[in-house]
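Take a look at the letters that make up each chain.
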Amino acid sequence: MEQIKVFLDESEMPRQWYNIQADLPTPLRPPLHPATGQPIKPEDLAPVFPMNLIEQEVSTERWIPIPEPVLEKYALWRPTPLYRARGLEKALGTPAKIYYKNEGVSPPGSHKPNTAVAQAYYNKVFGIKRLSTETGAGQWGSALSMACQMFGLQCRVFMVKVSYNQKPYRRSMMETWGAECIPSPSDRTQAGRKILAQNPDSPGSLGIAISEAIEDAVGDPEARYSLGSVLNHVLLHQTIIGLEAQKQLEKLGVYPDVVMGCAGGGSNFAGLCLPFVRDKIHGKNVTIVAAEPTSCPTLTKGPFRYDFGDTAMTTPLLAMHTLGHDFVPAPIHAGGLRYHGMAPIVSHLLEEKLIEARAFDQLETFTAGVQWARAEGFIPAPETNHAIAAVVQEALRAKEEGKEKVILFNWSGHGYVDMAAYDAFLSGKLTRYELPEEEIRRALASTEAFPKP
Amino acid sequence: MNAQDILARMDALETRCPKLGHQVTFEYCRQESLKRPCSRALVCWNHRLPVEMILKKLVGEETYEAVFGGPPKSRVESLMEAIESAKQRCNAGGSGPREAPS
Ligand SMILES: Cc1ncc(COP(=O)(O)O)c(C=O)c1O
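Residues numbered from 1 in each chain as written. Chains lettered and ligands numbered in written order. Predicted model: local features only at pLDDT ≥ 70, side-chain atom pairs only at ≥ 80, totals over all residues. Heavy atoms only, no water.

A.B. asks: Give me the overall build of chain A: which residues, what numbers.
C.D. replies: When its secondary structure is counted, chain A shows 19 helices and 15 strands. The buried share among the 453 residues of chain A stands at 60%. Intrachain contacts of chain A at a sequence separation of at least 6 include 75% that bridge at least 24 residues. By element, 54% of the accessible surface of chain A is carried by carbon and sulfur atoms, the whole surface being about 17,300 Å². (Helix = DSSP H or I, 4+ residues; strand = E, 2+ residues; numbered from the N terminus. Buried < 20%, exposed > 50% of the residue type's maximum accessible area, 1.4 Å probe, protein only. Contact = heavy atoms within 4.5 Å. Areas by Shrake-Rupley, 256 points an atom, 1.4 Å probe, with all protein chains shown as cover.)

A.B. asks: Lay out the overall build of chain B with the relevant residues and their values.
C.D. replies: Helix and strand content of chain B: five helices and two strands. Element order for chain B, N to C, with α for helix and β for strand: α-β-β-α-α-α-α. The C-alpha atoms of chain B give 17 Å as radius of gyration, which overshoots the globular expectation for 102 residues (13 Å, by more than 25%). Across its three principal directions, the C-alpha atoms of chain B cover 55 × 40 × 25 Å. Within chain B, the fraction of its 102 residues that count as buried is 51%. In chain B, of all internal contacts separated by at least 6 residues, the share reaching a separation of at least 24 is 35%. Accessible area for chain B stands at about 4,500 Å²; split by element, carbon and sulfur atoms hold 47% of it. (Rg over C-alpha atoms; globule rule 2.2 N^0.38 Å.)

A.B. asks: How would you sum up the nonpolar core? Please name residues and give values.
C.D. replies: By size, the foremost hydrophobic cluster in this structure holds 57 residues, and its most contacted members are A:Ile214, A:Tyr225 and B:Met10. Sorting the residues of this core by element identifies β7 (154-160), α10 (206-218) and α19 (437-445) of chain A together with α1 (3-11), α2 (26-29), α3 (41-45), α4 (51-68) and α5 (75-93) of chain B as the ones contributing at least two each. With nine residues, the top contributor of residues to this core is α4(B). With 35 residues, the next largest nonpolar core counts A:Leu28, A:Ala263, A:Ala343 and A:Ala357 among its residues. (Core = buried A, V, L, I, M, F, W, Y, C linked by side-chain atoms within 4.5 Å.)

A.B. asks: Kindly report on the packing of helix α13 (residues 267-281) of chain A against helix α15 (residues 344-351) of chain A, identifying the contributing residues and their values.
C.D. replies: Residue and element names in this part refer to chain A. In contact at an axis separation of 11 Å, α13 and α15 are set at 45 degrees when each is read in the N-to-C sense. Between α13 and α15, the crossing angle belongs to the class labelled oblique. Note on packing geometry: the crossing formed by α13 with α15 is left-handed. Taken together, the residues of α15 that come into contact with α13 (itself represented by Phe269, Ala270, Leu274 and Val277) are Ile345, Val346 and Leu349. Residues belonging to the contact of α13 with α15 are distributed by class as follows: seven nonpolar, no polar and no charged. (Axes fitted to C-alpha atoms, helices over the stretch in contact; angles between N-to-C directions. Parallel < 35°, antiparallel > 145°, perpendicular 65-115°, else oblique. Left-handed = near helix turned anticlockwise from the far one by under 90°. Nonpolar A, V, L, I, M, F, W, Y, C, P; charged D, E, K, R; others polar.)

A.B. asks: Quick one: what's the story with the site of the ligand, residue by residue and with numbers?
C.D. replies: All names here are of chain A. Near the ligand, the surroundings consist of 16 residues, among which Ser229, Gly264, Gly266, Ser267 and Ser412 are the closest. At 2.8 Å from an oxygen atom of the ligand is found a side-chain nitrogen or oxygen belonging to Ser267. At 2.7 Å from a nitrogen atom of the ligand is found a side-chain nitrogen or oxygen belonging to Ser412. In the complex, the protein chains occlude 91% of the 390 Å² of accessible area that the ligand would expose alone. Within the shell around the ligand, the residues separate by chemical class into three nonpolar, eleven polar and two charged. (Near = heavy atom within 4 Å. Polar contact = N/O pair within 3.5 Å; in protein donor to acceptor, adjacent residues only side chain to side chain.)

A.B. asks: Please set out the interface of chain B and chain A residue by residue, giving values where relevant.
C.D. replies: Opposite the 66 residues of chain B that make contact, chain A presents 85 residues. Here chain B packs against chain A, burying approximately 6,800 Å² in sum over the two surfaces, 63% of which is carbon and sulfur. Where chain B packs against chain A, one counts five salt bridges. The partner of B:Arg16 in a salt bridge is A:Glu383, with the nearest N and O atoms 2.9 Å apart. Our count for the contact surface shared by chain B and chain A stands at 14 residue pairs in polar contact (both at pLDDT 80 or more). (Buried area = accessible area lost by both parts, 1.4 Å probe. Salt bridge = Lys/Arg side-chain N within 4 Å of Asp/Glu carboxyl O.)

A.B. asks: Mind laying out the pattern of salt bridges, listing which residues take part and the relevant values?
C.D. replies: Enumeration according to the criterion identifies 31 salt bridges over all chains in this entry. Salt-bridge contacts for A:Glu351 lead to A:Arg29; the nearest nitrogen and oxygen are separated by 3.0 Å. One end of the pair, A:Glu351, is in helix α15; the other, A:Arg29, is in the loop between β2 (16-18) and α1 (42-45), and 322 residues separate them in sequence. Note that B:Glu52 and B:Lys56 form a salt bridge whose closest N and O atoms lie 3.1 Å from each other. Pair noted here: B:Glu52 and B:Lys56 are both in helix α4, with a separation of four residues, about one helical turn. Looking at B:Glu52, the relative accessible area reads 28%, which means it is partly exposed.

A.B. asks: Please provide a residue-by-residue account of unusual backbone geometry, values included.
C.D. replies: That bond from A:Arg78 to A:Pro79 is cis: its omega, -10 degrees, falls within 30 degrees of zero. Mapped onto the secondary structure, A:Pro79 falls in the loop between α3 (68-74) and β4 (82-84). Of the consecutive residues A:Ser184 and A:Pro185, the connecting peptide bond is found in the cis state with omega at 10 degrees. Turning to its location among the elements, A:Pro185 is positioned in the loop between β8 (180-184) and α9 (190-198). With phi around 60 degrees, A:Lys353 is a residue other than glycine that occupies positive phi space. Overall, A:Lys353 belongs to the exposed group, its relative accessible area being 61%. Of note in the backbone geometry, B:Leu34 takes a positive phi value of approximately 45 degrees without being a glycine. Its place among the elements puts B:Leu34 in the loop between α2 and α3.

A.B. asks: Outline helix α17 (residues 384-401) of chain A, supporting the account with residue identities and numerical values.
C.D. replies: Residues and elements named next belong to chain A. Across its 18 residues, α17 extends 26 Å between first and last C-alpha, which sits within 8% of the 26 Å expected from 1.5 Å per residue. A large share of α17 lies buried, amounting to 13 of its 18 residues. In the stretch just after α17, Gly402 is the one whose phi turns positive, near 65 degrees. (Expected span 1.5 Å × (residues − 1).)

Take a look at the structure:
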């Protein structure tokens, strides 16, 4: 029988996180404070983060030791297995070898606890009693709830009301782990009360939930705020994924040609890829690809690729077609496509051309996810499906070229609490809309326009 | 079909929201940000609806420009803004976060 999984022993678990800031060819531009235009200082962040995490945020030390109590908690599900996706390889008929890190084996089912556990620990040793955060679907909220319970912290999660009503099982998970899960907007904060006064039926938004969670932390000296993606220290904690993968691939005697991950805020992508970016900076020939969501005019034309218009990132992303030259992006693409949630480290690596980004439409990603489930068994999280769509594309390219490429990607989480999304896809709710533009235009041109919101 | 009917049909359409991580309706996206459209609405809906034309009609050119005209704020920028306004609310209002009624 051919080998499918590579395990590491607990004793082989990495003892340090890798900090890419030590190896960047050009340093990260310090983020500017929007009020002053000056670089953000540690004390600007102190009302919401403990100083030990702020130190990690700005550190340029290459290796940061993982504290023993964090390793102990990691050991509940880490090291995660490295799998070979032979079923998918066969289904695609590709000569490519596809490997993936299964981060879905953690208790909440994704990579998120890699940082949740670390953040809970650092807050605990800093003397904090309670953490506050926001969540949409609840992946992050549930990871932090579990982590807080592990270190005896209280946890309060502001869950966007529309998500709270739609995702009862994630909410139950948070409550099972002992957290308080509050639908946002709530009457707990001034920000929430103001919104409720204007619109008692407000479905909430991530922006409102962030305001509530931050106000909750700022107003209580024993509380701090916690963010599950984007920030440097979050990406740092996730690097355990890539460091383990390097050891596992070494055991097999292979090195990847392509490393891929899905990127929302960038944390699981960075977690797998940053150790390989380090190799690339030191001369290794490896392609590193972030897969992100977009809309796309036709599926058959393939995904777009994005580039920053200039190095200062003051202009929006330019969309370029990766297949064929017949597509001219509509002008609105330019304004809309720059992803505002992306981690500064990931944006910087894109500018430096150390990584590239490819975008996939949701129909394409769910198609890939279903193909995966049928070939490999595990049902992926819809976010993970973006990485799988990128892997499928790369593996088919390898088939066309007749190359035995080695592809490694991050299987960031399972989709078992997200079956409603699969249901929407399988029942055709995500298909393209057939209401003709001409009809909409005619209706809008008539005397009765839309009611004002 | 008149504009009201068309809007009702569009409002019922669903897509997956990359910010929230679940299905949302067009009705949500077009007024996500305190009744203004979500700044991702163009990207998320462009392939299914002539969303630029629809949003301009719905919210007016001025609001449309305010939402989509400039580069969107980065997450770190919006984090800093949220910290500043939370500090102001806590200092001014005095009450800060409130515990659950017991
Ligand atoms: C399973 C899974 N993968 C990926 C993501 C995207 O986040 P990030 O880009 O920070 O890894 C999420 C976010 O909720 C997630 O739950």
